[in-house]
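# Topology and contacts: notes
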Amino acid sequence: MLEALPWCQGERVKGCESAALAPFHPRTLLCVLMALFFSLGSAGQEFNCKATVIAPTVANQDPRIYKSLETAIMQMMNTRRWTNYNYSPAERLDCNVLITVGSQPTIDRWECTMQVTYSRPVYGSDYMSPMFTVVDNDISFNWLEGTQIEFSADRYLNNLSSLLGFYAYFMLGVDADSFKAMGGTEFYELAQDVVSNAQSTSETGWKAYESQTNRYWLIDNQLQAVFRPLRELLYTYHREGFDQMSKDPVAARKKIAASIEKLRTVHQAKPSSYNVQVFFNAKHQEVVNLFKASDPQEKSKILNTLSLIDPGHIQQYQKIVSGS
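In this numbering scheme, every chain counts its residues from 1 along its sequence in written order. This being a predicted model, a pLDDT of at least 70 is required before a residue's local features are given, and a value of 80 or more before pairs of side-chain atoms are given or counted; all residues contribute to the totals for chains, interfaces and linings. Processing note: side-chain calculations cover all non-hydrogen atoms of the structure and skip hydrogens and water entirely.

## Some remarks on the packing of helix α3 (residues 159–179) against helix α6 (residues 228–241)
- Every axis in this analysis is a line fitted to C-alpha atoms, fitted for helices over the stretch in contact. Angles between the N-to-C directions lie between 0 and 180 degrees. Secondary structure elements are taken from DSSP: a helix is a run of H or I of four residues or more, a strand is a run of E of two residues or more, and numbering for both begins at the N terminus. The geometry of α3 relative to α6 is characterised by a closest axis approach of 6 Å and an angle of 60° between their N-to-C directions. Classified by the angle between their axes, α3 and α6 sit oblique to one another. You can see that α3 and α6 cross each other, and the crossing is right-handed. Of the residues in α6, those touching α3 at Val174, Asp177, Ser178 and Phe179 are Arg231, Leu234, Tyr235, His238 and Arg239. Any angle that is under 35 degrees is reported as roughly parallel, and any over 145 degrees as roughly antiparallel; angles of 65 to 115 degrees are reported as roughly perpendicular and all others as oblique. Rotating anticlockwise by less than a right angle from the far helix to the near helix defines a left-handed crossing, while the corresponding clockwise rotation defines a right-handed one. Only heavy atoms enter the contact rule, under which two residues are in contact if any of them lie within 4.5 Å.

This is the structure:
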């Protein structure tokens with residue numbers, strides 16, 4: 001049985017303010033009306049996914065095959081029901097899948113790089129906040145032109161469907177965490193099931209011993225207690241920070257700064273962790289733009305913290321102080 005989205009109960013908010021924060025918001029009525037009609041069974045799927053396939057180094061290949069793969073990916077992501085919740089069109093997650101083909105040893109064998117990005121709307125504005133950016137290198141999969149991509153949550157069918165399924169569930173988890181504190185656990189657990197189901201495959205990226213920066217560790221870390229401050233950051237940064245920016249930007253920025261400071265404990269336990277890297281790969285430019293408007297004391301403090309926990313973007317963070 002399909003369930004009403006928790007945001008209509010003041011827990012998940014996209015275009016509709018939470019009851020706790022804005023009990024008289026006019027779109028609260030929309031939430032009530034939608035809940036009344038959920039039993040009638042009308043609702044869309046969870047994603048607005050755009051897929052792009054490029055092959056800059058592959059010669060003499062018909063571009064039609066790349067369009068066919070794009071269509072198959074979007075069909076799987078956008079038409080499959082991933083959860084038991086009802087998502088209206090305005091609630092769907094906007095994401096992009098970019099596949100860069102390195103080679104095709106056979107007609108149905110693809111050796112590629114996959115980039116997955118997802119952005120979340122900020123309440124009271126038309127701004128889309130980047131939430132998740134990951135580049136999955138050296139992936140391979142079998143797919144034949146014109147075939148659908150089939151996915152099963154219960155077993156491993158093929159590498160392409162498991163890759164897409166894993167990132168679909170992970171994005172749903174990140175999204176849910178940003179609207180309700182620790183709200184994404186059920187989706188992360190589904191992503192972990194995808195990893196578990198893939199342990200018998202010879203394809204790379206699914207096993208603990210292969211790398212510290214692969215799918216196995218991305219989801220394993222996300223569910224570890226030591227990474228709780230990172231997940232709590234997703235809520236504070238977005239619901240108590242960016243979603244409140246139109247009301248009180250100074251207070252919202254202080255909330256965000258305080259939540260970033262808490263990542264020091266994650267860094268102490270897991271220096272240079274993959275999950276913190278993934279977070280700031282999406283967020284570093286946004287963070288720079290946000291704190292350029294801070295007072296000198298706040299700029300100095302946040303710069304020191306960012307330089308410690310995310311040294312890979314230190315040149316960009318220097319712009320917080322320089323203003324360039």
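## So, the pattern of salt bridges
- Every case where a carboxyl oxygen of Asp or Glu lies within 4 Å of a side-chain nitrogen of Lys or Arg is listed as a salt bridge. For the coordinates displayed, the defined rule picks out 13 salt bridges.
- Arg120 is the partner of Asp243 in a salt bridge, and the nearest nitrogen-oxygen pair spans 2.7 Å. With a gap of 123 residues between them, Asp243 in the loop between α6 and α7 (249–261) and Arg120 in strand β3 (residues 109–121) connect regions that are remote in the sequence. Taken as a pair, Asp243 and Arg120 share a single burial class, namely buried.
- Residues Glu298 and Arg253 are paired through a salt bridge, measuring 3.2 Å at the closest nitrogen-oxygen approach. With Glu298 in helix α10 (residues 296–309) and Arg253 in helix α7, this pair connects stretches of sequence that are 45 residues apart. Both residues of the pair, Glu298 and Arg253, count as buried.
- Among the ionic contacts, a cluster of salt bridges with common partners joins Asp62, Arg64 and Glu145. We call a residue buried when its accessible area falls under 20% of the maximum for its residue type, exposed when it is over 50%, and partly exposed in between, using a 1.4 Å probe and counting protein chains only.

## Side note on the nonpolar core
- Only buried residues count toward a nonpolar core. Its members are Ala, Val, Leu, Ile, Met, Phe, Trp, Tyr and Cys residues joined through side-chain atoms within 4.5 Å. Ranked by size, the top nonpolar core spans 83 residues in total, and within it Phe47, Met77, Ile99, Trp110, Met114, Phe132 and Phe166 carry the most contacts.
- At 12 residues, the largest contribution of residues to this core is made by α3.
- Discounting chain neighbours no more than four positions away, the residues touching Met77 are Phe47, Cys49, Trp82, Cys95, Leu164, Ala168 and Met171.

## Brief notes about the packing of helix α4 (residues 185–197) against helix α5 (residues 215–222)
- For the pair α4 and α5, interaxial distance at closest approach is 10 Å and the crossing angle is 150°. Both α4 and α5 take part in a crossing whose hand is left-handed. Contacts from Tyr188, Ala191, Gln192 and Val195 in α4 reach Arg215, Tyr216, Ile219, Asp220 and Gln222 in α5.
- Grouping the constituent residues of the contact of α4 with α5 by class yields five nonpolar, two polar and two charged. By the convention adopted, Pro, Cys, Tyr, Trp, Phe, Met, Ile, Leu, Val and Ala count as nonpolar, Lys, Arg, Asp and Glu as charged, and the other residues, Gly among them, as polar.

## A word on the pairing of strand β2 (residues 93–106)
- Two strands pair under a simple rule: DSSP has to find at least two bridges between them. When strand β1 (residues 47–54) meets β2, the two strands line up parallel, connected through eight bridges. Pairing of Cys49 across the sheet is with Cys95, part of β2.
- Note that β2 and β3 share 10 bridges and pair antiparallel. Bridge pairing links Ile99 to Met114 in β3.
- In textbook terms, the turn of a hairpin is the stretch between consecutive antiparallel strands, and for β2 and β3 this stretch comprises two residues.

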